[in-house]
Structure formats: C-alpha cells, structure tokens
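Results of the structural survey
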Amino acid sequence: QKEVEQNSGPLSVPEGAIASLNCTYSDRGSQSFFWYRQYSGKSPELIMSIYSNGDKEDGRFTAQLNKASQYVSLLIRDSQPSDSATYLCAAQGGEGAQKLVFGQGTRLTINP
Amino acid sequence: GAVVSQHPSWVICKSGTSVKIECRSLDFQATTMFWYRQFPKQSLMLMATSNEGSKATYEQGVEKDKFLINHASLTLSTLTVTSAHPEDSSFYICSAWDSNQPQHFGDGTRLSIL
C-alpha cells in the first residue's frame, strides 16, 4: 500500500507568521510531488509542484523535497487569513505511474 | 494554468435516477482523466483512471457497472452514476493530465440523492 502521510492538524498560525506543512511518502519510486490547496466546498487548486531535491520558491510559498528522507514540505511565509484552507500533499510516479496518491490533508487556520 | 471544466456543479435528484457528469480540458489535450470522490472531511478517493479511447481502470471497490466512464476524446470524459442512491451522494471531482503538466482539477460536482 503506497501511502502519503501528513500531519492532519488542525494547524493554527498567527497572521504574518510562517506556516510549515509536512508530508512523508512511502513509495521510493515517486518522482513528482505536489501541494494542492482546497477551500471548504471547493475542488483542489495546485499551488506548488516539485520534482528534484532542494527548495523551490514561488512568491510566499516554498516547497522542499528530500528524496533520501522521503519528505516533502511546504512553507508559507507572511501567512494571510486567505491562506486558511486544507492543504493536500500528493505524490506521483513509481508503481502508480500517473496516479496521484494523496495525503489526508492538513487543515490550516491563520488567525488575524 | 490549465483549465478543466466540470458540469454540472450541483445536482439534486431522486433515488434511482442516473446522473451524467462531464469533464472537459479546455486548453490542452488530456491523455488521461481521473475521477475522484470526496466525502466530508476526508481526502480525495480515486475512483478510476480514464485514457482516451480505452476502457477505464477502476480502483478496488468501485463498481464499474454503477459508475460508467466514457473518454471518447482527448478533451472530454463523462462519468455516469447509474441508478443513484442516497449513499452515492458525494462531491465528485475530475482531473485532467498529460505528461507535460501536473493534474488540474475541475470545480467538482456536488451530487445529492434524495
């Protein structure tokens, strides 16, 4: 059973602080990793993709990948109330080929 | 980013009715489309993988005769929930993919069976 694990939260962070979301995966063959944001009642929205070890930055978001540790993280700097959502980590590749394997999601709340 | 259109966004119907949901990729040709179901406070559950021109591959536990999937073109896949019952009420989401980009999701269809 290929799995992606996230700390389910809820995670509460004050406005302006850094929110840190973590994810581990079990399939070493996974090659692509994604963070999706999902607001209540809406479908997931892609916010970051990462394919190689290291950091990838896009605006206030930084994704980090460590394939040796099978670990993916997402940092959100200068957190805003609009960042309050459930964040889904997903892995693709390996035995599942093009399928995405999702974690259970981390519910993030940014407190004004 | 890529645009995936899903229709309808909301359906309420009586038990026993069949419901068709459409998923279209608007600005790229999707070699593969995926259908997910999501119950409240849970993560997405993959139901089936659909490749254009071939039969869908269903995940374990998903009834292929109940959830009919057609992927007749590179831009359109449909999911038909046949003889829907209240336990089929859920949020159904499609995604489209090709090898050049990540999966992009449609806006989802909220299905309520009375």
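Predicted model, so just to flag it, every value in this text is computed and none were measured.

On to the sheet that holds strand S7 (residues 61-66) of chain A, then. All names here are of chain A. The strand order across the open sheet formed by five strands is S1-S3-S8-S7-S6, and the pairing between neighbours is antiparallel. The open sheet has two edge strands, strand S1 (4-6) and strand S6 (54-58), and neither has a second partner. Strand-to-strand, the axes of this sheet are offset by a mean angle of 20 degrees, without reference to chain direction. In terms of strand pairing, S7 meets strand S8 (residues 71-76) through six bridges, oriented antiparallel. In the strand pairing of S8, Leu65 is matched with Val72.

Here we come to the packing of aromatic side chains. Given two aromatic rings, their pairing is described by the distance between the two centres and the angle made by the two planes. With the rule as written, the count across this model stands at ten aromatic pairs over all chains. Measuring from centroid to centroid gives 6.0 Å for Phe34(A) and Tyr51(A), while their planes differ by 85 degrees, and the two rings are edge-to-face. Residue Phe34(A) is found in strand S4 (residues 30-38), and its partner Tyr51(A) is found in the loop between strand S5 (45-50) and S6; the two are separated by 17 residues along the sequence. Relative accessible area serves as the criterion here: at 1%, Phe34(A) is assigned to the buried category. Relative to Tyr92(B), the ring of Phe67(B) has its centre 6.4 Å away and its plane inclined at 40 degrees; by these criteria the two rings are tilted.

All names here are of chain A. In total, this model carries two disulfides over all chains according to the counting rule given. The disulfide bridge from Cys23 ends at Cys89, spanning 2.0 Å between sulfur atoms. Every disulfide takes its handedness from the sign of the S-S torsion; for Cys23 and Cys89 that torsion is -75 degrees, giving left-handed. Of this pair, Cys23 sits in strand S3 (residues 19-25) while Cys89 sits in strand S9 (residues 85-93); the two residues are 66 residues apart in sequence, bridging distant segments of the chain.

For the rest of this paragraph, the subject is the nonpolar core. Counting residues in hydrophobic clusters, the biggest one holds 24 residues, and the most contacted among them are Trp35(B), Phe67(B), Leu79(B), Tyr92(B) and Leu111(B). Elements represented by at least two residues in this core include exactly strand S2 (10-13), strand S3 (19-25), strand S4 (32-38), strand S5 (45-51), strand S7 (67-73), strand S8 (76-81), strand S9 (90-98) and strand S11 (109-113) of chain B. Not counting chain neighbours up to four residues away, the residues in contact with Tyr92(B) comprise Gln6(B), Ile21(B), Tyr36(B), Arg37(B), Met47(B), Phe67(B), Leu79(B), Gly108(B), Thr109(B) and Leu111(B). Listed in part, the 23 residues of the second largest apolar core include Ala19(A), Leu21(A), Trp35(A) and Leu65(A).

Take the environment of Gln103(B) next. All names here are of chain B. Inspection of the secondary structure puts Gln103 in strand S10 (residues 101-105). Judged by relative accessible area, Gln103 falls into the buried class, the value being 1%. Separated by 64 residues in the primary sequence, Gln103 and Phe39 place their C-alpha atoms 20 Å from one another. Within the local environment of Gln103, its side chain forms a polar contact with the side chain of Ser95, the two groups lying 2.6 Å apart.

With that settled, consider the side chain of Thr109(B). All names here are of chain B. Structurally, Thr109 can be placed in strand S11. Judged by relative accessible area, which is 0%, Thr109 ranks as buried. Reaching out from Thr109, the side chain makes a polar contact with the side chain of Gln6 at a distance of 3.0 Å. Among all residues touching Thr109, those that are not within four sequence positions of it are Gln6, His7, Pro8, Ser9, Trp10, Val11, Ile21, Ser90, Phe91 and Tyr92.

The rules behind each value
Residues numbered from 1 in each chain as written. Chains lettered and ligands numbered in written order. Predicted model: local features only at pLDDT ≥ 70, side-chain atom pairs only at ≥ 80, totals over all residues. Heavy atoms only, no water. Pairing = 2+ DSSP bridges. Helix = DSSP H or I, 4+ residues; strand = E, 2+ residues; numbered from the N terminus. Axes fitted to C-alpha atoms, helices over the stretch in contact; angles between N-to-C directions. Phe/Tyr/Trp six-rings, centres within 6.5 Å; stacked < 30°, edge-to-face > 60°. Buried < 20%, exposed > 50% of the residue type's maximum accessible area, 1.4 Å probe, protein only. Disulfide = S-S within 2.5 Å. Core = buried A, V, L, I, M, F, W, Y, C linked by side-chain atoms within 4.5 Å. Contact = heavy atoms within 4.5 Å. Polar contact = N/O pair within 3.5 Å; in protein donor to acceptor, adjacent residues only side chain to side chain.

Bear in mind that shape data such as this cannot, by itself, settle questions of function.
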